[in-house]
Amino acid sequence: MPLDPETLTQFLDMLDRFVKERLIPNEERVAEEDAIPPALIAEIRDMGLFGMSIPEEFGGLGLSMAEEVAAAFVLGQTSPVFRSLVGTNNGIGSQGIIIDGTPEQKATYLPKLASGEMIASFALTEPDAGSDAGSVRTSARRDGDHFVLNGTKRFITNAPHADVFTVFARTDPATTNASGVSAFLVEAGTPGLSVGPRDRKMGQKGSHTSDVILQDVRVSAADIIGGPDRVNQGFKTAMKVLDRGRLHISAVCVGAAERLIRESLAYAMERKQFGEPIAEKQLVQAMLADSRAEAFAARCMIEETARRKDAGGNVSTEAACCKMYASEMVGRVADRAVQIHGGAGYMAEYAVERFYRDVRLFRIYEGTTQIQQMVIARNMIRDAAA
């Protein structure tokens, strides 16, 4: 149920103050320490940010798609690591349960995910399975009413802190594509499940990824999302949540771009060369204008697609367009921001240096740019042939 306009405005205003007063001032500390302070995590929890997209009946805010992207525009104005902390709980970590979960799974997990009591992690990628998700090798061997899981997952966000993992494993060994894969809910602490060392990344310090190793992990058939009747249906569940995740990430890209534009404009108006602010130089103005126009275009695309999704439309092509354009756009904006800052843009004390590294990941996860191109083109061909 969408919020009434007044309540939504109040929430977005509160979120904006929180970003400006609490998150932005802590960005540098989080990057240096490679960790979000526990006290700040508690504030994020108290804000309800872990449950923005989870229905109110399970303790979440129950935001519509349009409302969620409005919140993501704001949250994207600060370091992406804060969004990453709550992202899985709101997205792929909870939406599969919301859409296809059993009543028992919903009652068990959604309230704890909404409150932030539990952290979710989405374990799909493997050493040889990323964009080609259908080549999952993690096995799930049936043993009566249970399955025994073996395999390794790679680059799994929030894995070092996760309380519950959505693990994709092959339940039909005769298949070589996505048709024989199931999605299991596996809690941390389950015997045989372990987490590798934290990955050393280019950016997004404070957001942690690692391998997830499964060695004879025994789970019940009831732990399949949707229960035993949804064996071999894992990717159908995953496909249902893709559009929402792509729109969310796209909106975060816009927020980051708008932050970079503000940083660039402020620097250009203050920095003087040849007797005047560089903001008066036409070539600098061109970079500012290009960035502003591209960010505005992405924002409009996302808002319109979110409205169509809330209206019940099929937005698979449009969501892929948003993800492709917005993630590429923020990369261009970040590059211009560094250029406008000149030598200062290469220095760690300026936010644009950190954002330049942080936003690079947006073109890779939630489906690479090349995967989005394939989705868009295939949908175009299918629709033309219909």
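Before reading further, recall that the structure is shown in the block above.
In what follows, the accompanying structure is described. (Residues numbered from 1 in each chain as written. Predicted model: local features only at pLDDT ≥ 70, side-chain atom pairs only at ≥ 80, totals over all residues. Heavy atoms only, no water.)

1. Comments concerning the overall build of the protein
Looking only at helices and strands, the protein features 12 helices and nine strands. For 386 residues, the compact-globule estimate of 2.2 N^0.38 gives 21 Å, and the protein sits close to it at 21 Å. Seen through its C-alpha atoms, the protein measures out along the principal axes to roughly 80 × 55 × 45 Å. Counting every position in the protein, which comprises 386 residues, the buried fraction comes to 52%. The contacts in the protein between residues at least 6 apart in sequence include a share of 74% that link residues at least 24 apart. Carbon together with sulfur atoms contributes 53% to the accessible area of the protein, which is approximately 17,300 Å² in total. (Helix = DSSP H or I, 4+ residues; strand = E, 2+ residues; numbered from the N terminus. Rg over C-alpha atoms; globule rule 2.2 N^0.38 Å. Buried < 20%, exposed > 50% of the residue type's maximum accessible area, 1.4 Å probe, protein only. Contact = heavy atoms within 4.5 Å. Areas by Shrake-Rupley, 256 points an atom, 1.4 Å probe, with all protein chains shown as cover.)

2. What about the nonpolar core?
With 32 residues, the main nonpolar core has V69, L260, I302, M329, V330 and F362 as its most contacted residues. Looking at this core, the elements that each hand over two or more residues are helix 4 (65-75), helix 8 (234-270), helix 9 (282-310), helix 10 (316-341) and helix 11 (351-358). No other element matches helix 8, which puts 10 residues into this core. Residues F11, M47, A70 and A71 belong to the second largest nonpolar core, which totals 25 residues. (Core = buried A, V, L, I, M, F, W, Y, C linked by side-chain atoms within 4.5 Å.)

3. Notes on the packing of helix 8 against helix 9
Following both chains from N to C, one finds helix 8 and helix 9 inclined at 155°, their axes separated by 9 Å at the closest point. Relative to helix 9, helix 8 is oriented roughly antiparallel. Remark: the crossing between helix 8 and helix 9 carries left-handed chirality. Here D243, R244, L247, S250, A251, V254, A257, E258, I261, S264, L265 and A268 of helix 8 lie close against helix 9, whose contacting residues are V284, L288, S291, R292, A295, A298, R299, I302, T305, A306 and K309. Of the residues in the contact of helix 8 with helix 9, the class split is 13 nonpolar, four polar and six charged. (Axes fitted to C-alpha atoms, helices over the stretch in contact; angles between N-to-C directions. Parallel < 35°, antiparallel > 145°, perpendicular 65-115°, else oblique. Left-handed = near helix turned anticlockwise from the far one by under 90°. Nonpolar A, V, L, I, M, F, W, Y, C, P; charged D, E, K, R; others polar.)

4. A closer look at the pairing of strand 7 (residues 209-220)
Of the strand pairs in this sheet, strand 3 (residues 146-157) and strand 7 are connected by nine bridges, and their pairing is antiparallel. Bridging across to strand 7, G151 finds its partner in L214. Across four bridges, strand 6 (residues 193-198) lies against strand 7 in antiparallel orientation. Its bridge partner being in strand 7, S194 is matched across the sheet by I213. (Pairing = 2+ DSSP bridges.)

5. Some details on the packing of aromatic side chains
Aromatic ring pairs are described here by two measures, namely the spacing of the ring centres and the angle between the planes. What the rule picks out here adds up to five aromatic pairs. Seen from their ring centres, Y267 and Y350 are 6.0 Å apart, and the 90° between their planes marks the pair as edge-to-face. Of this pair, Y267 sits in helix 8 while Y350 sits in the loop between helix 10 and helix 11; the two residues are 83 residues apart in sequence, bridging distant segments of the chain. With a relative accessible area of 14%, Y267 lands in the buried category. By way of ring pairs, the aromatic residues F122, F168 and F235 are connected into one cluster. A cation over a ring is seen here: R299 above F73, with NZ or CZ 4.1 Å from the ring centre. (Phe/Tyr/Trp six-rings, centres within 6.5 Å; stacked < 30°, edge-to-face > 60°. Lys NZ or Arg CZ within 6 Å of the ring centre and 35° of its normal.)

6. Side note on the packing of helix 8 against helix 11
With their axes 10 Å apart at the nearest point, helix 8 and helix 11 run at an angle of 155° to one another. On the basis of the axis angle, helix 8 is roughly antiparallel to helix 11. Here the hand of the crossing between helix 8 and helix 11 comes out left-handed. Of helix 11, the residues touching helix 8 (which contributes A256, R259, L260 and E263) are A351, V352 and F355. Across the contact of helix 8 with helix 11, the residue classes tally to five nonpolar, no polar and two charged.

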